[in-house]
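Structural overview for review
As a plain string of letters, each chain reads:
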Amino acid sequence: MNYKQALEYLYSQLPMFHRVGAAAYKADLNNTIALCNLLNHPYQSFKSIHIAGTNGKGSVSHFIASILQESGLKVGLYTSPHLKDFRERIKINGKMIPETYVVNFINKYQNEFERIQPSFFETTVGMAFQYFKEEKVDIAVIETGLGGRLDSTNIISPLLSVITNIGYDHTNLLGNTIEEIAKGVEKKIKVNKYITCDTCNGTGAKGGNAHRTCSTCRGTGHVTRITNTILGQMQSTSTCPECGGEGQIITDKCNTCFGNGIIKGEEVINLNIPAGVTEGMQLSLGGKGNSAARGGVAGDLIVVIEEVIHPELKREGNNLLYDHFISFPEAALGTSIEIPTIEGKVRIKIDAGTQSGKVLRLKGKGLPSINSYGKGDLLVNINVWTPKSLSKEEKAILEKLDKSENFIPRPTSSDKSFFDRMKEYFS
Ligand SMILES: [Zn+2]
Ligand SMILES: [Zn+2]
């Protein structure tokens, strides 16, 4: 296995992309725990700092890691997502995890992964922890993934937890069927989140006006201090300690939101999902996340796309695959079969003398590409069904046929082998 293959395994073999139903987002930490048992709890071998929150997690993680590194420590850093190279996610003193480590890790545990079925995130976290343990880091800075109670990074017992508080994003997982992916879809989703308090219009003050301008900063939210030094006057500006930078002080708090300006509620949001989306893709809706306290800037709504497995059609990039079985007489005599497509059923002709393993290509019946024009195809794989048991009579007929000249296999170059067909259809 080389590095490219190891990455392909991570991306495509693991349940985040390849699974049945809506199992990608696990409702518990069991997989993470099973994985940590397998790796013998590597996170217990190093001290850690956990960074959670919404916006700014990544920068805070990098700041802290670089401060610790500057003070002479060997610092592990786990962040997500990555921009160019998967290895950006796992670093020690600013250096990415070596390709060979990624390859060896996957190689070593591949069999156990088949049993545990960890997600992409869980495997990556496990790899990071193992690497930090083996490299004997002094401390590791760990950024949460999607966050929340079920995030796989929660397994650590950090020295310090940092929750960044810039914006209030809200993440929703959304299931999409193949039909929806083909056409793109507009969906209404109900999001439980913090919304602006109606009673006080988000001001947090009773009746919307029970507040006064802060006298310390005169409503500006910041204070400027001028000090005389030998070099002249120095001016420094900082957030007003009296009002916390808001410029207003609430004299009587709103009873509905207790002065916060936001309450728990729900909003129905119209979401346009473009055609051709893939599993794990994230759509971000600016300002549709949680409202912020007392008129602050609302966070974004991040929607993670999940693909709902189609009962009959399998997705392979933009192509769709369909397996169909015909009987031996149908293959010899020719027939017509019904094929499910995204636009409904279509009937196609099977020529007399069709071989098992023939692939019929229905051009343009696949999925559109999200980045470019054009559509994939629907590939119908024809299998000839061989009966598993025979009556005495059937046996007698077949034994008679077996003697016939026409029944002796004589493949010509037009009867392509399995390998040639694969080359042709997936190149
Ligand atoms: Zn003030
Ligand atoms: Zn209120």
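Predicted, not measured: the structure shown is a model, and the values here were computed from it.

Quick notes on the overall build of the chain
Each helix and strand counted, the chain has 9 helices and 21 strands in total. Residues counted as buried form 27% of the 427 residues belonging to the chain. The long-range fraction of contacts in the chain, counting pairs at least 24 apart against all pairs at least 6 apart in sequence, stands at 71%.

Side note on the pairing of strand β18 (residues 335-341)
Where β18 and strand β19 (residues 344-350) come together, 7 bridges link them in antiparallel fashion. If you follow T341 over to β19, its bridge partner there is G344. Here β18 folds back onto β19, and the loop between the two strands holds 2 residues.

Quick look at the sheet that holds strand β1 (residues 47-52)
As summarised here, the arrangement of the 6 strands in space is β4-β3-β2-β5-β1-β6, forming an open sheet in which the pairing is mixed. On the outer flanks of this sheet lie β4 (95-96) and β6 (160-163), each paired with one strand and no other. Pairing geometry for strand β2 (residues 75-78) and strand β5 (residues 139-143), over 4 bridges, is parallel. Following the sheet pairing, G76 is matched in β5 by A140.

Quick word on helix α5 (residues 120-134)
For α5, spanning 15 residues, the distance from its first C-alpha to its last is 21 Å, which sits close to the expected 21 Å at 1.5 Å a residue. Counting buried residues along α5, 12 of its 15 residues qualify, which places the element largely inside the surrounding structure. Along α5, the residues classified as buried are F121, E122, T123, T124, V125, G126, M127, A128, F129, Q130, Y131 and F132. Immediately beyond the C-terminal end of α5, within one or two residues, lies K136, with a positive phi of roughly 50°.

Observations concerning the nonpolar core
With 32 residues, the main nonpolar core has V75, A128, F132, V137, I139, A140 and V141 as its most contacted residues. Only α1 (3-13), β1, α3 (57-70), β2, β3 (90-92), α4 (99-116), α5 and β5 provide two or more residues apiece to this core. By residue number, the principal contributor to this core is α5, which donates 7 residues. What V75 contacts, discounting residues up to four positions off in sequence, is A65, L68, Q69, I92, N93, V137, D138, I139 and V141. Counting 10 residues, the second-largest nonpolar core is a separate cluster that includes V277, L320, L378 and V380.

Considering the confidence of the model for the chain
Residues shown with low pLDDT carry predicted positions that ought not to be read at fine detail. Taken residue by residue, the chain gives an average pLDDT of 82. The fraction at 70 or more is 88%. pLDDT under 50 marks residues 14-25. Its contacts with residues more than four places away, or in other chains, come to 27 contacts.

Things to note about the sheet that holds strand β20 (residues 358-362)
Taking strand neighbours across the sheet as the criterion, the 4 strands line up as β16-β17-β21-β20 in an open arrangement whose pairing is mixed. Here the strands that pair on one side only, and so sit at the sheet edges, are β16 (314-316) and β20. Strand-to-strand twist of the sheet, defined as the mean angle between neighbouring strand axes without regard to direction, takes the value 30°. Two strands pair when backbone bridges link them, and strand β17 (residues 319-327) and strand β21 (residues 378-385) are joined in this way by 8 bridges, in the parallel orientation. Along β21, the bridge assignment pairs L320 with L378.

Quick look at unusual backbone geometry
The phi dihedral of N40 is positive, around 60°, even though this residue is not glycine. Along the chain, the position of N40 falls in the loop between α2 (30-38) and β1. C-beta crowding within 10 Å serves as the criterion here: with 10 such atoms nearby, N40 is assigned to the exposed category.

Calculation notes
Residues numbered from 1 in each chain as written. Chains lettered and ligands numbered in written order. Predicted model: local features only at pLDDT ≥ 70, side-chain atom pairs only at ≥ 80, totals over all residues. Helix = DSSP H or I, 4+ residues; strand = E, 2+ residues; numbered from the N terminus. Buried ≥ 20, exposed ≤ 12 C-beta atoms within 10 Å, placed from the backbone. Contact = placed C-beta atoms within 7 Å. Pairing = 2+ DSSP bridges. Expected span 1.5 Å × (residues − 1). Core = buried A, V, L, I, M, F, W, Y, C linked by C-beta atoms within 7 Å. pLDDT = per-residue confidence, 0-100. Axes fitted to C-alpha atoms, helices over the stretch in contact; angles between N-to-C directions.

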